[in-house]
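What follows is each chain in one-letter form.
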Amino acid sequence: MFSTVLPDVLIQGWALQLSPELASRAQFGWTISVHIIFASLSVGLAPFIVYFTWKDVRTDDERFTRLRSFWVKVFAAGFVMGTVTGIPMSFQFGTNFPQFAEVAGELIGGPLAFEAKMAFFLEAVFLGVLLFGQERVSDRTYILSSVLVGVGAWLSAFWILIVNAWMQTPQGFEMITRNGMEVAKLTDPLAAFFTPRMPWMYVHMVNASVISVALLVAGVSAYIVWKKRDAAAWNTALKLAVIILLVTAPLQAVHGDAYGRHVADTQPQKFAAMEAHYDTGTADLHLLAFPKSIDAITDPKAENLFTVSLPGVGSFLATGGDFDAEVLGLNEYEENPPVAIVFWSFRFMVGLGFLFIGLALWGGYLIYNGRLSESSRFLKTMIAASPLGYAALLTGWYVTEIGRQPWVIQGELRTSEAVSSTLSGTEATLTLVGFVVIYIGLILVALHVLRWLVEDELSELGVRASDDDRWYGPVPKVSDDD
């Protein structure tokens, strides 16, 4: 029985294999989705590490000693995971997208090498000092080490985003024929490094990372405070995280609005996909949209959405003030990105952004009234919201990358042309499955490490293990009239 059924199952399974292009895109997309969580953890946690280290050394306050020790360990775990998940991406350029590597190698090779030699090693060396060198170096050197770890993390983001920004708005090169193949030749390094997209992308990504980590710090702090209301260090961390959110969350909204106009100017097709705008003319802002059929989810040119819209507001956002401005529609293009993914990802990201502003204002109100740790409702909300910064960051990244399709280098090289011609659908599908399984395992390991660190911290604070086994264990009875 088994011997007759198994071949049929295998045949049906192979029939579900993806095309080399789709499997390669999904594999790289999945790989970078996991990697970016850990990379942004380093970028966003860097200012917290610097502050906690500085306060610990200068004041010798037990609160900051505890916070520095805890979050340096989290940083180290994220750094290791970021390294493990990031290395395969460079190999995927050769195994899955060799034509891209060949065409753009002269432009992207330098920044990627700088990222490794200038940023990665700087971060790694001084992270070692932070972890093991406090008793071996002076206080000034120890504080400087925290600063250099942060500089390394932000430099790493700088060099990586130089590459991606160039792919979005390429300049500083010319196409030449080399060995019978059209390739990009670097002509102006400064122009290639500092493209129109670079400053917008860098500020938005770094600030998004800080927001994501601020929510994580707030969530972990809220959980520990919820378990032990008089945990002084974690009350301090919660207050700091809320104050940082009060600054960064509104900044992200203001900057994002201006960033959107830049996208409309430089990548009008992506902007049209963000608003599901098909016909050239005045663009409405779709507050709500629902597909009329299954085809509307997969067909990037399907004009079949039920929408609740604000007339002309899309044009207003694209131009910064003109409700009647003409915006190019998707029907002007032969091939479009998956509109539904870009459209919904954009709305999910924006919706979460306004939620973060609301949480920051709520927390600020409680700080003002001296009741931050007294509100069980706020603490539980921040616990639940702790991963949402990464959800917003990922959906924003999907808008950036999927919205650029069908181009891997905007206007120069299509993704279909960048994929390996010798890669079969079977090979690409199998490696995709392998990466999904392995990276899920790595995510589970990272979550286990974070849980272990939190449980160890609670144990040091005297919280009974039996209480900690329950997410909503017994807590002191307090007033919750918020």
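Looking at an unreviewed UniProt entry, the protein carries the name Cytochrome d ubiquinol oxidase subunit I, with the source organism given as Halorubrum distributum JCM 10247. Here is the UniProt Subcellular location (unreviewed entry) comment for the protein, exactly as written: "Cell membrane".

Q: Provide a residue-level description of the overall build of the protein, including the pertinent values.
A: Looking only at helices and strands, the protein has 17 helices and eight strands in total. Taken over 482 residues, the protein has a buried fraction of 49%. Long-range contacts, defined here as pairs at least 24 residues apart, represent 79% of the contacts in the protein between residues at least 6 apart. Surface accessibility of the protein: about 22,500 Å² in total, with carbon and sulfur atoms responsible for 65%.

Q: Would you mind going over unusual backbone geometry in detail, with residue names and values included?
A: Pro 406 follows Gln 405 through a cis peptide bond whose omega is 15 degrees. By secondary structure assignment, the location of Pro 406 is in the loop between helix H14 (388–402) and strand E7 (407–409). One non-glycine residue, Asn 179, adopts positive backbone phi at about 55 degrees.

Q: Could you give an account of the environment of Val 151, naming the residues involved and the relevant values?
A: Mapped onto the elements, Val 151 comes out in helix H5 (residues 139–168). A sequence separation of 104 residues divides Val 151 from Pro 47, and the C-alpha atoms of the two residues are 9.6 Å apart.

Q: With reference to specific residues and values, describe the nonpolar core.
A: Leu 45, Trp 71 and Trp 234 are the most contacted members of the largest nonpolar core, which has 63 residues in total. Ranked by residues supplied to this core, first place goes to helix H7 (residues 198–227) with 13 residues. Counting residues domain by domain, this core receives three or more from each of domain 1 (21–195 + 443–459) and domain 2 (204–404). Ignoring anything within four residues of it in the chain, the contact list for Trp 71 reads Leu 45, Ile 49, Phe 52, Leu 216, Val 217, Val 220 and Trp 234. In terms of nonpolar packing, the next biggest core, distinct from the first, is built from 57 residues, Phe 193, Ala 283, Trp 397 and Val 408 among them.

Q: Lay out the pairing of strand E1 (residues 173–178) in plain terms, naming residues and giving numbers.
A: Pairing geometry for E1 and strand E2 (residues 181–186), over six bridges, is antiparallel. Opposite Thr 177, over in E2, you have Glu 182 as the bridge partner. Here E1 hands over to E2 after two residues, with Asn 179 in that stretch at a positive phi of 55 degrees.

Q: Lay out helix H4 (residues 98–132) with the relevant residues and their values.
A: With 35 residues, H4 should cover 51 Å at 1.5 Å per step; its first-to-last C-alpha distance of 41 Å lies more than 12% under that length. Remark: the principal bend of H4, roughly 85 degrees, maps to Gly 105. Along H4, the residues that are buried comprise Phe 100, Val 103, Ala 104, Leu 107, Ile 108, Pro 111, Glu 115, Ala 119, Glu 123, Leu 127, Val 129 and Leu 130.

Q: Would you mind going over the pattern of salt bridges in detail, with residue names and values included?
A: Using the criterion set out here, one finds 13 salt bridges in the structure. A salt bridge links Glu 62 to Arg 66; the shortest N-O distance between them is 2.9 Å. In this pair, Glu 62 and Arg 66 both sit in helix H3 (residues 62–95), four residues apart, roughly one turn of the helix. Classification of Glu 62 as partly exposed rests on a relative accessible area of 45%. Overall, the relative accessible area of 18% leaves Arg 66 in the buried class. Its salt-bridge partner being Arg 66, residue Glu 457 comes within 3.0 Å of it at the nearest N-O pair. Note that Glu 457 is positioned in helix H16 (residues 425–460) and Arg 66 in helix H3, a separation of 391 residues in sequence. When salt bridges that share partners are traced, they join Glu 62, Arg 66, Glu 457 and Glu 460 into one network.

Q: Kindly report on a nonpolar patch on the surface, identifying the contributing residues and their values.
A: On the surface, Ile 243, Leu 246, Val 247 and Leu 361 cluster together to form a nonpolar patch covering roughly 340 Å² of accessible area. By secondary structure assignment, the location of Leu 361 is in helix H12 (residues 339–368). For Leu 361, a relative accessible area of 55% corresponds to the exposed category.

Q: How would you summarise the confidence of the model for the protein if you had to cite specific residues and measurements?
A: Mean pLDDT over the protein: 88, with 89% of residues reaching 70 or higher. Contacts of residues 1–15 to residues separated by more than four positions or lying in other chains number three contacts, the stretch itself having pLDDT below 50.

Q: Residue-level account of empty space enclosed by the protein, with values.
A: Under the counting rule described, the total for this entry stands at two cavities of 30 Å³ or more. In this structure, the second largest cavity occupies an estimated 30 Å³ of space. Secondary structure elements with two or more residues in the lining of the second largest cavity: H4, H5 and helix H6 (189–193).

Q: Now, about the layout of surface pockets: what can you tell me, with residues and values included?
A: If you add up the space inside the second largest pocket, you get close to 1,000 Å³. Lining the second largest pocket are 40 residues, with His 204, Gly 256, Phe 346, Met 349 and Val 350 sitting closest to its centre. Listing elements by their share of the lining of the second largest pocket, those giving two or more residues are H7, helix H8 (232–266), helix H9 (268–274), strand E4 (285–291), H12 and H14. Taken together, the residues of the lining of the second largest pocket break down into 23 nonpolar, eleven polar and six charged.

Q: Could you give me a rundown of the packing of H8 against H12, with the residues and numbers involved?
A: The contact between H8 and H12 brings their axes to 8 Å, and the two run at 140 degrees. The orientation of H8 with respect to H12, classified from their angle, is oblique. The way H8 lies across H12 gives a crossing that is left-handed. Here H8 contributes Lys 239, Val 242, Ile 243, Leu 245, Leu 246, Ala 249, Pro 250 and Ala 253 to the contact with H12, which in turn contributes Phe 356, Ile 357, Ala 360, Leu 361, Gly 363, Gly 364 and Ile 367.

Scoring rules and cut-offs
Residues numbered from 1 in each chain as written. Predicted model: local features only at pLDDT ≥ 70, side-chain atom pairs only at ≥ 80, totals over all residues. Heavy atoms only, no water. UniProt positions renumbered as here; feature names shortened; annotations may be inferred. Helix = DSSP H or I, 4+ residues; strand = E, 2+ residues; numbered from the N terminus. Buried < 20%, exposed > 50% of the residue type's maximum accessible area, 1.4 Å probe, protein only. Contact = heavy atoms within 4.5 Å. Areas by Shrake-Rupley, 256 points an atom, 1.4 Å probe, with all protein chains shown as cover. Core = buried A, V, L, I, M, F, W, Y, C linked by side-chain atoms within 4.5 Å. Domains from an automatic or database assignment. Pairing = 2+ DSSP bridges. Expected span 1.5 Å × (residues − 1). Bend = angle between axes of the 7 residues up to and from the residue. Salt bridge = Lys/Arg side-chain N within 4 Å of Asp/Glu carboxyl O. Patch = residues over 30% accessible without salt bridge, like charges linked within 9 Å, V, L, I, M, F, W, Y side chains within 5 Å. pLDDT = per-residue confidence, 0-100. 1 Å grid on protein atoms, 1.4 Å probe; cavity = no way out; pocket = protein on both sides within 12 Å on 5 of 7 lines; lining within 4 Å. Points joined across faces, edges and corners; volume = space filled by probe spheres on them. Nonpolar A, V, L, I, M, F, W, Y, C, P; charged D, E, K, R; others polar. Axes fitted to C-alpha atoms, helices over the stretch in contact; angles between N-to-C directions. Parallel < 35°, antiparallel > 145°, perpendicular 65-115°, else oblique. Left-handed = near helix turned anticlockwise from the far one by under 90°.

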